[in-house]
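Remarks on the overall topology
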Amino acid sequence: MAQPSELISSLADKYGRQRESLLPILQGVIKQERYLSEETMIAIAHEMNLPAADIYGTATFYSFLEYKKMGEYVIRICKTITCSMKGKNQIILTIEDMLKIGVGETTPDRKFTLLQTNCLGWCHKAPAMLINDEVYTELNPEKVREILSTYLKK
Amino acid sequence: MTREYNLKRADFIFRNENDWEHILSRTLKKDRRELINELISSELKGRGGAGFPTGLKWKLTSESEAPQKYVICNADEGEPGTFKDREILMKVPFKVLTAMAICAYITGANNGFIYLRGEYKFLQHDLQKAIDEFIYYCNDINFKFSIDIFMGSGAYICGEETALMESMEGFRGEPRNKPPFPTGQGYNRMPTVINNVETLAHTYTIFKHGAKKFYDLGVQFSRGTKLFSVSGDTPKPGIYELELGMSLSDFVNDFGDGDTKAVQVGGASGFLVPRKKFSETNIGYKGKLTGISLPTGGSMMLFNSTRSMYNVLDNYLEFFREESCGQCTPCRVGCQQLHMGIKAVKQGQKPASYLEKLLKLTETMQYTAKCGLGQSVANSFSSIVENFREEMIY
Amino acid sequence: MAKKINITINGVVYEANSGETILEAARNAGINIPTLCYHKDLCVAGNCRVCIVEIAGQSRLAASCATPCHENMEVYTNTLKVRTARKHIIELLLSEHNADCTRCYKNGNCELQNLAAEYKIMSEDLIPLAAYKNYSIDMFSPSIIKDDSRCIRCQRCVRTCSELQGVNALTVAYKGDQMKISTFFEKSMNEIVCTNCGQCVIHCPTGALIEKNYIEEVWEAIADPDKHVVVQTAPAVRIGLGEELGLQPGTRVTGKMVAALKSLGFDSVLDTDFTADLTIMEEGSELLNRLKKVLVDKDDNFKLPMFTSCSPGWIKYIEHMYPDMLQHLSSCKSPQQMFGALAKTYYAKARKLDPEKIVSVSVMPCTAKKFEANRPEMHDSGFRDVDLVITTRELAIMIKQAGIDFPKLNELKYDRIMGVSTGASVIFGATGGVMEAALRTAYELVTGREIPFENLDITPVRGMKGVREASVIIDNPLAEWKFLDGVEIKCAVAHGLINAKKVVEAVKNKDAEYHFIEIMACPGGCLGGGGQPIPTNSEIRDKRAQAIYEEDANLPIRKSHENTEIIKIYNEFLEKPLGERSHHLLHTFYVERKRH
């Protein structure tokens, strides 16, 4: 894994150092690190000649630009109306039981973080969840257990 | 109440025609003004939900003088209950790309963007491949145009066009003051056409088959077809292309589970229609002479009698209080007050009459919020509270 | 000339300028529309929505601050619909606000409180939200307290910190119900790039950003019979204080202020003007020395241009943002700190006082001075040089607490020693003033003649333009300064840190060749400082500047080197500028700080 400053300068080389490159760069860091640390944001501020506070303000606006330490796999359960109607709570209970963490928490081995999120756009196949960028739909407790087992083996 | 229209299915958007190269090169040879007039005469209105006339938007942008113009495809599909845009981009991306190029040709833009919501990241790879192929062809026919994907990062409000532009410029996705409008000052303060994915796909139909074909579908003020994202208590959830102007009772007859209590038209920012109003409600844009017309981005969520309307409203309000950008008072504080207010009534900490206070508050939100998000919270709130008042209290 | 258009407001036709907003047109027509997020110094945000009006033909209400007028527009500012909506918005703001007004520092000077009073918001319908938010108060900075529970998210502070100051210590963070004004990772104001300039404080409509006040500490010192409490007053306080005490902006209150301070019980009322003049002597000499080292000796250890160092907000700014440029800063302490170091040495000795028993208080138009007095290196007298710093506003509070009828006070004179002022030191309070004072003295030191400007008014360095330039050609200097013969001394003046940034960048990129640059952190200089009365805006700054130049014109001595007490202190104590004692007591060093 590259050092944060190396990663950031390579992202900045790729996307540019103008303000409009900020989101792609933040997304690039998330892809590798799963979250934006204080040091990372400082390094971005330095690289792009932007105020660090501005980067913090911008990052915290977006739900997917996490600024707290995340696990390797971030599980986001859709909590909006249809998923909520179609058994989202069951899904959460199943995952909580399997991973022994609550919503908002990360497993001690930093492998999984469990979060809820707003509408994922899979209402016709509710309930749905994301694990990092992968979508899983029409979930039920069994299916979730299966999916998680494959991640646990990774 | 006279029934004006029956449910009519259509198949334009997803019909895989594989003729985009032909349509593109043919259209790029036509006169720009004629193309705009064609589009205007189709009476196509924006399919994201707001319903602004598409032809007029393109015309205004084409008339703006500027060193640079942009075409943006709004694929920040975040309205609860909407998922059609993803299907379009997955199944018929070339229609959208072709429409963007035609729009660029008409308006004088050189650069296009697709703002793709972060939740659809898995689409990025295939879409990029389609773009590469498309741009290769554009180069081939000597049409100078670029299309880049800009990924969102999880913010419903970025579907609002000026918030989307702020986001693309690297800022918090906060809606701007309007005027100026994007047709004059959009992305990077340059004239910009920003259209919903589906709107662009319809323009493909119009440029291919002519405006008349489109205009002949639907009803007065609501021409053409529309994709509907159907979910909730229905035996057949999915995406359906239907002619506009249908009555809600016809819709429920077709899609309901036999026990439909209410339908949420237009997602969380739309209206909840109770069973007793199905027959007088039509799905289309304002201007019809009889009945109620509800414009919609295409989200149709059905609820049967097992569902608590209090829970539905509670879910929407939680959504809005989290997804409001937070900059303007009525939306930021209003959403919190509405959400906590219905809880307080439900739990008996506030009297039932407090609902009236909250209804007045939503009126203020509607009149004074800076953008469509805060303005439309009143829609679901008032339609649920007024029609299911007893469920809010007991 | 802007095109004129007609606009109808509440049924009456008015002429407005094309491009003007509805708010501007209405205010020009004498119709007030309430605002909160709007501030004349800042760009339009349009987010509080208090200024909404009805436009004929539109069902939605428009934010008048953000909506341009157009021909034949019909606007209504006070319909039932507008009033209802406006009351709702005020109610909403109050519901999210810690409205425990009697326990708020801004009680009585709060724009939200005023609006609530105006609209008679009596209902307690809405759910108080502040209680749910678990905000803690940031009290760690010696200058500024940030209390999020009092914040209405108008973002005036964020825009101030970015647009006027280019510091961007504050940002809008999170969204939805979590949205708030934050620093980088919610760090304390003491741990970040904040310069303590206090511009956020004078632009905040509520009690969310306030100065850290030391009023009780000052009262305690005064009440302690063992202590000898000296107070110094900065140049800009005398032209601002009146505003807090019922007088019009631009009223000069020097004599009344001295009388009030004596009446409060200070043992000795002295003038920072004295050390402002001393600064000119030291800084002017330093500049001449640098010119010689650079131009004649080609000594790389000395850098030109030289930046002034009176403004502690500016000092902290350059320490954070341009640590590689610190050598360009004059090593002179600010007048406040020179005064502090002398109060417990020179003054103590002359008045036969035990310096340990002296409490040195300063009244400043500035919040950054609180930080400056707290810097660990500011102990050259052997004690903390300046013990307590209060702002113009805090002094006004003390005067009110003491029951003094300020406008009726008889004017009194400063005590001696360290109480003599000159016109040169008074103008320190305005942007360009240090430059003007320095030129008056330096030119005369070098040539033996007065600077060739009518009435000594060096008008090119005056005014409110963000960056101003001036140059003086040295003609026929005295023998000692022959190397300057014919040299054009190029100067620049910048105020507001956003303008400072422009000048520093120009110097850094070698786009501009200057010898001497005056920089003040606050717009307008100290007269617009973060410790000055609220409101402060461009009109008020202009009036205060006018008062400062009047004060200068009316003083018998208008050049620092002619200040009788300055001559005396060099004769009796310091010997000469840049001498051994000066070096020890009056000069300082700077530290590199992090950029976030």
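What counts and what doesn't
Every chain begins its residue count from 1, and numbering advances along the sequence as written. Chain labels run from A onward and ligand labels from 1 onward, assigned in the order the entries are written. The predicted nature of this model means local features are confined to residues of pLDDT at least 70 and side-chain atom pairs, given and counted, to a pLDDT of 80 or more, with totals for whole chains, interfaces and linings taken over all residues. Starting at the N terminus, helices and strands are each numbered in turn, a helix being any DSSP run of H or I of at least four residues and a strand any DSSP run of E of at least two. We compute the radius of gyration over the C-alpha atoms and compare it with the globule rule, which gives 2.2 Å times the number of residues raised to the power 0.38. Remark: C-beta atoms are placed from the backbone, and a residue is labelled buried if 20 or more other C-beta atoms sit within 10 Å of its own, exposed if 12 or fewer do, or partly exposed between those counts. The contact criterion used here is simple: two residues whose C-beta atoms, placed from the backbone, lie within 7 Å are in contact. Each domain's limits were defined by an automated method or a database of domain assignments. Residue type decides the class: Asp, Glu, Lys and Arg count as charged, Ala, Val, Leu, Ile, Met, Phe, Trp, Tyr, Cys and Pro as nonpolar, and the leftover types, Gly among them, as polar. In this description, a line fitted to the C-alpha atoms serves as the axis of each element, helices being fitted only across the stretch in contact, and the angle between N-to-C directions of two axes falls anywhere from 0 to 180 degrees. Here the angle decides the label: under 35 degrees means roughly parallel, over 145 means roughly antiparallel, 65 to 115 means roughly perpendicular, and every other value means oblique. DSSP bridges decide pairing: two strands pair if at least two such bridges lie between them. Crossover handedness is defined here as right-handed if the route from the first strand over the helix to the second strand goes clockwise, with the strands pointing away from the viewer. Each residue carries a pLDDT score, the predictor's own confidence in it, on a scale running from 0 to 100.

**Examining the overall build of chain B**
Helix and strand counts for chain B come out as 15 helices and 13 strands. For chain B, whose C-alpha radius of gyration is 21 Å, the value lies close to the compact-globule estimate of 21 Å for 394 residues. Projected onto the principal axes, the alpha-carbon positions of chain B cover approximately 70 × 45 × 40 Å. Counting across all 394 residues of chain B, residues that qualify as buried make up 60%.

**Remarks on the overall build of chain C**
Counting its secondary structure elements, chain C contains 19 helices and 18 strands. A compact globule built from 596 residues would reach a C-alpha radius of gyration of about 25 Å, and chain C, at 25 Å, matches this within 12%. Taking all 596 residues of chain C together, 56% fall into the buried category. Long-range contacts, defined here as pairs at least 24 residues apart, represent 75% of the contacts in chain C between residues at least 6 apart.

**Overview of the environment of aspartate 41 of chain C**
All names here are of chain C. Counting through the fold element by element, aspartate 41 comes out in the loop between helix H1 (22–28) and strand S3 (52–55). Judged by the 20 C-beta atoms lying within 10 Å of it, aspartate 41 is buried. Considered as a pair, aspartate 41 and arginine 156 are 115 residues apart in the sequence and their alpha carbons are 9.5 Å apart.

**Notes on the domain arrangement of chain B**
Residue and element names in this part refer to chain B. Partitioning chain B into domains gives domain 1 (20–215), domain 2 (218–304) and domain 3 (309–393). On a C-alpha basis, the centroid separation for the pair domain 1 and domain 3 is 33 Å. Taken residue by residue, the interface counts 9 residues in domain 1 and 8 residues in domain 3. Along the lines of polarity and charge, the residues of the side of domain 1 that touches domain 3 split into 6 nonpolar, 1 polar and 2 charged.

**Considering the packing of helix H9 (residues 272–296) of chain C against helix H11 (residues 335–350) of chain C**
Helices that pack against each other are described as a pair by the angle of their axes relative to one another and the distance between those axes. All names here are of chain C. The N-to-C vectors of H9 and H11 enclose an angle of 105°; their axes lie 8 Å apart at closest approach. As the angle between them shows, H9 and H11 are arranged roughly perpendicular. When H9 is examined against H11, the residues Thr272, Thr275, Ala276, Leu278 and Thr279 are found in contact with a partner set consisting of Pro335, Gln336, Met338, Phe339 and Leu342. Class assignment for the residues of the contact of H9 with H11 results in 6 nonpolar, 4 polar and no charged.

**Considering the pairing of strand S17 (residues 488–495) of chain C**
Residue and element names in this part refer to chain C. With 7 bridges connecting them, strand S16 (residues 467–473) and S17 associate as antiparallel partners. By the bridge assignment for S17, alanine 470 is matched with cysteine 491. In this sheet, strand S18 (residues 516–520) lies alongside S17 in parallel orientation, the contact comprising 5 bridges. Bridging across to S18, histidine 495 finds its partner in methionine 520. Following the chain from S17 across helix H16 (residues 497–508) to the adjacent parallel S18, one finds a crossover that is right-handed.

**Re the pairing of strand S2 (residues 12–17) of chain C**
Residue and element names in this part refer to chain C. Alignment of strand S1 (residues 4–9) against S2, held across 6 bridges, turns out to be antiparallel. The partner of threonine 8 across the bridge, within S2, is valine 13. With antiparallel pairing between neighbouring strands as the criterion, S1 and S2 make up a hairpin whose turn holds 2 residues, including asparagine 10 at a positive phi of roughly 50°.

**Details of the interface of chain A and chain B**
Frequently, the measure chosen for interface size is the accessible area removed from exposure when the parts meet. In this assembly, 30 residues from chain A lie in contact with 37 residues from chain B. Contributing elements (two or more residues each) for the side of chain A that touches chain B: helix H2 (22–33), helix H4 (52–59), helix H5 (81–85) and strand S4 (134–136) of chain A. Looking at the side of chain A that touches chain B, the element that brings in the most residues is H5 of chain A, giving 4 residues. The class makeup of the residues in the side of chain A that touches chain B is 15 nonpolar, 11 polar and 4 charged.

**Here's the deal with the sheet that holds S1 of chain C**
Residues and elements named next belong to chain C. One open sheet holds the 5 strands; their spatial order is S2-S1-S5-S3-S4, and the pairing between them is mixed. Both edges of this open sheet fall to S2 and strand S4 (62–63), since each of them pairs with a single strand only. As paired elements, S1 and strand S5 (residues 73–76) share 3 bridges and run parallel to each other. Along S5, the bridge assignment pairs threonine 8 with glutamate 74.

**Comments concerning the interface of chain A and chain C**
Taken together, the 11 residues of chain A in the interface contact 13 residues of chain C. Elements with a minimum of two residues in the side of chain A that touches chain C: helix H3 (38–48) and H4 of chain A. Per-element accounting of the side of chain A that touches chain C gives the leading share, 5 residues, to H4 of chain A. Partitioning the side of chain A that touches chain C into residue classes produces 7 nonpolar, 2 polar and 2 charged.

**Thoughts on the confidence of the model for chain C**
Predicted coordinates in areas of low pLDDT are best not read in detail. The pLDDT averaged across chain C works out to 96; a share of 100% of its residues lies at or above 70. We note a pTM of 0.96 for the whole complex and an ipTM of 0.96 for its interfaces.

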